[in-house]
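Summary of the model geometry
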Amino acid sequence: MSKDGRKHMPKGNHLPVVGPGGFLFAAIGLDHGHIYGMVAGLIEAGAELKWVYDPDSTKVEQFANQFPQVQKANSLEQVLGDETIQLVAAAAIPSERSALGMKVMKAGKDYFTDKTPFTTMAQLEETKHVAARTGQRYMVYFSERLHVESAVFAGDLIKEGAIGRVIQVTGFGPHRLNAQSRPDWFFNKEQYGGILCDIGSHQIEQFLFYAGCEDAEVLQSKIANYNHPDYPELDDYGDATLVGDNGATQFFRVDWFTPDGLSTWGDGRTFIVGTEGTIEIRKYVDIAREETGDHLYLVNHEGEQHFELAGKIGYPFFGALISDCINRTEQAMTQKHVFKAAELCLKAQEQALVVSK
């Protein structure tokens, strides 16, 4: 515990920001399971789910079983033609997310896509132009920061000055592969974008946010396929080093090597070094101690603190996103931040040294 045990305390869950019917949205592109978390987060913040659409009727039925209040649209055009819809959430195949988002924005609606938002730099540049021309938002579900209470609280601590100025961020994002349950596109690099572009996008976005960077340079990056010869286009390992425009640095590692014995899908951790303290986030498990997630360790001049944060913080991003869509503000996340995180993960992937095939 800290010396006083009280200075840095969780500030509770967040209430819905709109009442019934105050904000309507739709879900399309059900290719990745993250769509369920995206929709749940919006509903918890007060949004009303009106439509679902996907060309695969099986996916639609599964989705409707989870969200029985939803109406099943007959086409994408039916969704985009509904003037009551303010936001469209989607988790399409990564290589298709940009084209889908541009259709949504051209229809006068904001777009909320799963990460990674782009698989090529050309997609990013075209989408920038469409977003500027239409005035609509192209937001991204960086779930490993936005939908993890310990990660949210870390941002609160940094804002309070609990560790001074952030100078270094180290992130580890191991995932369990479960290859037999993955769709074919998951192993096609043109469609999924590569490991640094895909799950690496979480790490780069967190660095920009925690360190307060508006820009950064990718100093080096590496990718490999160490142990999956049956899937030759899969990167099963990747890492990168970045330096921000304010001098802060980052190293991160992502991989598909979660051991079978781990109680969850990945031991995601983030280490943040400041001029006056350190933070460690154990997001999903505290191995060999607690199978629960959302543990945060803070050390500064006050002493040592361990926070167990599950159920205590909430997910303010979703309410802020709804408010931004209504009021045309940028409280949840700026468009500039989204596009910069996407640009850097694309650069990291493009310039990566291939160390093993």
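Rules and cut-offs
Residues numbered from 1 in each chain as written. Predicted model: local features only at pLDDT ≥ 70, side-chain atom pairs only at ≥ 80, totals over all residues. Heavy atoms only, no water. Domains from an automatic or database assignment. Contact = heavy atoms within 4.5 Å. Buried area = accessible area lost by both parts, 1.4 Å probe. Salt bridge = Lys/Arg side-chain N within 4 Å of Asp/Glu carboxyl O. Polar contact = N/O pair within 3.5 Å; in protein donor to acceptor, adjacent residues only side chain to side chain. Helix = DSSP H or I, 4+ residues; strand = E, 2+ residues; numbered from the N terminus. Pairing = 2+ DSSP bridges. Axes fitted to C-alpha atoms, helices over the stretch in contact; angles between N-to-C directions.

What follows deals with the domain arrangement of the chain. Segmenting the chain into domains produces domain 1 (5-142 + 323-334) and domain 2 (145-315 + 346-354). Centre-to-centre separation of domain 1 and domain 2, based on C-alpha positions: 23 Å. Taken together, the contact pairs 27 residues of domain 1 with 33 residues of domain 2. Here domain 1 meets domain 2 over a buried area of about 2500 Å², counting both sides, of which 58% is carbon and sulfur. In this structure, Lys-115 and Asp-198 form a salt bridge, with 2.6 Å as the shortest nitrogen-oxygen distance. Where domain 1 meets domain 2, there are 6 residue pairs in polar contact (both at pLDDT 80 or more). Secondary structure elements with two or more residues in the side of domain 1 that touches domain 2: α1 (34-44), α5 (121-134) and β6 (138-141). The dominant element in the side of domain 1 that touches domain 2, judged by the number of residues it contributes, is α1, at 3 residues.

Spatial strand order, β3-β2-β1-β4-β5-β6: 6 strands in an open sheet with parallel pairing. Two strands bound the open sheet, and with one partner strand each, they are β3 (71-72) and β6. Direction of pairing for strand β1 (residues 24-28) relative to strand β2 (residues 48-53): parallel, over a ladder of 5 bridges. Note on β2: the bridge partner recorded for Ala-27 is Val-52. Against the sheet, helix α10 (residues 316-327) engages β4 (85-90), β5 (110-114) and β6, with an angle of about 155 degrees to β5.

Cis geometry marks the peptide bond from Lys-115 to Thr-116; its omega dihedral reads -15 degrees. Even without being a glycine, Asn-178 presents a positive backbone phi close to 50 degrees. Considering the arrangement of structural elements, one finds Asn-178 in the loop between β7 (166-174) and α8 (189-192). Even without being glycine, Asp-294 reaches a positive phi, approximately 60 degrees. Mapped onto the secondary structure, Asp-294 falls in the loop between β12 (277-282) and β13 (295-300).

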